Amino acid sequence: MTTDEHLLLHEGDRLAAELARRFGGADTERLQFIARTLTFNLVQVFMATIEDVTRRAGKPYRALLVADEIGWPDIVIVTADGEVRERLPVTALLRQAFFSGTVLRSAVAVHLQAAVEARNEHLTTRALVSCLKSKPVMDVSRPFLTRLLH
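Here is a short report on the structure shown in this document.

### Considerations on the environment of Ile 77
And step 1. Assignment of secondary structure puts Ile 77 in strand S2 (residues 73-78).
And step 2. Here Ile 77 falls in the buried class, since its relative accessible area comes to 1%.
And step 3. Taking C-alpha positions, Ile 77 is 38 Å from Asn 120, a pair spaced 43 residues apart along the chain.
And step 4. Sequence-distant contacts of Ile 77, defined by excluding residues within four places in its chain, comprise Ile 50, Tyr 61, Arg 62, Ala 63, Glu 83, Val 84, Arg 85, Glu 86 and Leu 148.

So, in C-alpha cells, the structure goes:
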C-alpha cells in the first residue's frame, strides 16, 4: 500500500466515524466502505481537475498528496518550479463537499442514505456516484480554481 493510499484510508475512516454519528445503527463496515470510497474518489478527482484545468489555462500546477505535521493528508498545489501555491487539508475538502457547517448537506444526505440502505453492490455504487455528482460536491473545486487562475 502506498503512502497516499494509507493517508486516504485513515481520512476515510475519520469520515466514516462522522457518518456513523449521523446514520446511527448503520453497519460500521458498510459506512467505512462508503466513506473510504467517497474519500478516494473525491480527492483523486479534485487533484486531477486542478491539474487539468490549470494546464489548459496555461498555468500548469501539480497537485500532490502529502502528510501534514501530525500525519493527516493535505493536498499541496505547486507550480512547475516547485513553489507551493495552496495547501488544503483533505479534511477541509471533505467538509466543504459534504457538510454545511455541522449538518450533512441535504443533496448529499439523500444519496448517502440510499447507499447505506442499498442491498446490493450495484445500488450502492449508483448512490455513491450520485453523491459525487451532486452540486455541492461538484462545486467544491470552484473556489480553488478561481484563486489559482487569477
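### Some words on the pairing of strand S3 (residues 84-89)
And step 1. Direction of pairing for S2 relative to S3: antiparallel, over a ladder of 5 bridges. Looking at the pairing, Val 76 lines up with Arg 87 of S3.
And step 2. Connecting S2 to the antiparallel partner S3 that follows it, the hairpin turn spans 5 residues, and Gly 82 within it adopts a positive phi of roughly 90°.

Analysis parameters
- Residues numbered from 1 in each chain as written.
- Predicted model: local features only at pLDDT ≥ 70, side-chain atom pairs only at ≥ 80, totals over all residues.
- Heavy atoms only, no water.
- Helix = DSSP H or I, 4+ residues; strand = E, 2+ residues; numbered from the N terminus.
- Buried < 20%, exposed > 50% of the residue type's maximum accessible area, 1.4 Å probe, protein only.
- Contact = heavy atoms within 4.5 Å.
- Pairing = 2+ DSSP bridges.

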